[in-house]
Amino acid sequence: MALVIYNPAGGDGTTKQFIEDRVLPLLKTNDVPIAKIVETEYVGHAGVVAFEFVDSTISGPLDIIIASGDGTIHEIISTIALAPSYKNRSPSSPAQVNLVLVPCGTANALYSSLFLPKPDDDPVQYKLQGIHAFIKKTKRVLLTLAITDILTPPKGKGSAPVREKPTVSAVVTSTALHASILHDSEVLRAEIPSIERFKVAAHQNITRWYSGCAKLFPSKSTGVVEIWNPFDKEFVPHAESDEDDPYVDIDGPFAYFLSTVNVDRLEPAFQITPLVTAEPRTGAFLDIVVIRPYRDVSLGGLEAEEERKRFAEKLGEVLRAVYQSGNHINLRYDSAGKVVSEGEGELVVEYFRCGGWEWIPDIEDEKAHLLCNDGHISTIPKGGKVKTMAAAASGESGFIVYV
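Residues numbered from 1 in each chain as written. Predicted model: local features only at pLDDT ≥ 70, side-chain atom pairs only at ≥ 80, totals over all residues. Heavy atoms only, no water.

Student: Looking at this structure, how should I read the domain arrangement of the chain?
Tutor: Interface extent is often summarised as the accessible area lost during association of the parts. Domain boundaries in the chain define domain 1 (2-138) and domain 2 (145-391). Listed as interface residues are 17 residues of domain 1 and, on the opposing side, 24 residues of domain 2. The junction of domain 1 with domain 2 conceals about 1,600 Å² of combined surface from both sides, 68% of it contributed by carbon and sulfur atoms. For domain 1, the biggest contributors to the area lost against domain 2 are His 74, Leu 82 and Thr 106; these three give 34% of the whole. Applying the counting rule to domain 1 against domain 2 returns 0 salt bridges. Looking at the side of domain 1 that touches domain 2, the element that brings in the most residues is helix α3 (residues 70-81), giving 6 residues. Residue composition of the side of domain 1 that touches domain 2, grouped by class: 9 nonpolar, 7 polar and 1 charged. (Domains from an automatic or database assignment. Contact = heavy atoms within 4.5 Å. Buried area = accessible area lost by both parts, 1.4 Å probe. Salt bridge = Lys/Arg side-chain N within 4 Å of Asp/Glu carboxyl O. Helix = DSSP H or I, 4+ residues; strand = E, 2+ residues; numbered from the N terminus. Nonpolar A, V, L, I, M, F, W, Y, C, P; charged D, E, K, R; others polar.)

Okay, structure coming up:
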């Protein structure tokens, strides 16, 4: 029996019609039994419904059909994964949750990464590829998860930081520009329901820099933090990471700081972490894209406002290159600070692969305290920090997507 959950407010608002006209008839034709069909009514509703379904299913497959965007998928995965009754299920009671995706959100990052879009795709049939994969049951992908903890400052002298309830993500965890874009784009949702609102929000924040520092943690599989070497086309150990001291500290200011699991893109054409698919690897790891303005030596000696305006033009070039099959990871500075695609200059984008990261925002930088988990925005408390670690599920438990 499958549970069907759809978000009527997602994307362009046509999800309910698509479910009724396309998805349900296809399931009926192929004799797929439906346990329940739920239209979400409030933020968090999908997680509640999905958890109740999983918690009440004693045996048999746990199939959840999700017609939504990445935010609803995030709600479902995070709610179920953090529930004690799910983590403690007995061996005779299956803990695998099979997810069937129907892309009805705005960006649909997870879907478009697993079902790579092609220019000649029929829009309706493309959206039904996940349903067809579920019916045929030909292949499944076990998702890697990113576990994020927000640590509030100690309440008293000598006391430890307080750990808030963790969040589980299957797509993206970010701060800096990306988190600001997601934060500000919500105000634009009613006026601009398409992905164009993200570009508007990006323009509003393009001159902003973010003060703070980050620490990268090694992955269990390699024991070090790796960085992409575009000259040799391979990941190599970072110069500061070895067996004796595998951690890498990164100082700001930052323009961009974003990590992904499972996805190489955040929109069908916005291929921000292209090496997730181009250079795949098994195990638990995060791909991280970092852009730090002061790697551009031409900025030195300018007034702060002029520095940010000048770098905003270069950051715009980088973001446009993301839409060019992820070519931003090949960009570098020439001797004059111009962004170019060839040569041996300093790389504009630092592309890391590691087991996790810690972000400590400057206490005075309000925007640096924004955190994005699969589109959900939260705020790091002043004096606090955030830690995100990759976690690979086992074959007996976890979240699996039909592809």
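Student: I'm lost on helix α7 (residues 129-136) in this one. Help?
Tutor: Residue pairs three or four apart in sequence face the same way in an α-helix, which turns once every 3.6 residues. Taken together, the buried positions of α7 are occupied by Gly 130, Ile 131, Ala 133 and Phe 134. Angularly, the buried residues of α7 cover 160° about the axis, an arc narrow enough to put them on a single face. A positive backbone phi angle near 50° is found at Lys 137, which sits one or two residues after α7. (Buried < 20%, exposed > 50% of the residue type's maximum accessible area, 1.4 Å probe, protein only. Arc of directions from axis to C-beta.)

Student: How should the pairing of strand β2 (residues 34-39) be read in this particular structure?
Tutor: Walk down a regular strand and you will see the side chains alternate between the two sheet faces. Pairing of strand β1 (residues 2-6) with β2, which is carried by 5 bridges, proceeds in the parallel orientation. The residue bridging Tyr 6 from the neighbouring strand is Glu 39, located in β2. Once the chain exits β1 it traverses helix α1 (residues 15-29) before rejoining the sheet at β2, and the crossover so formed is right-handed. (Pairing = 2+ DSSP bridges. Right-handed = clockwise from strand over helix to strand, strands pointing away.)

Student: Honestly, a negative patch on the surface in this entry has me stumped. Any pointers?
Tutor: Taken together, Glu 240, Asp 242, Glu 243, Asp 244 and Asp 245 make up a surface patch of like negative charges. Within the secondary structure layout, Asp 245 lies in the loop between β12 (234-237) and β13 (248-251). Residue class for Asp 245 comes out partly exposed when judged on its relative accessible area of 43%. (Patch = residues over 30% accessible without salt bridge, like charges linked within 9 Å, V, L, I, M, F, W, Y side chains within 5 Å. Areas by Shrake-Rupley, 256 points an atom, 1.4 Å probe, with all protein chains shown as cover. Lys, Arg positive; Asp, Glu negative; His and termini not counted. Charge placed at Lys NZ, Arg CZ, Asp CG, Glu CD.)

Student: What is the right way to look at unusual backbone geometry in this model?
Tutor: Leaving glycine out, the prevailing phi sign among residues is negative, and the prevailing peptide bond configuration is trans. Following Gly 252, the chain continues to Pro 253 via a peptide bond in cis, the omega torsion being 5°. Mapped onto the secondary structure, Pro 253 falls in the loop between β13 and β14 (256-260). Non-glycine residue Asn 262 carries a positive phi angle of around 70°. One can find Asn 262 in the loop between β14 and α10 (275-278). Positive phi, close to 55°, is recorded for Ser 325, a residue that is not glycine. Turning to its location among the elements, Ser 325 is positioned in the loop between α11 (304-322) and β16 (332-333).

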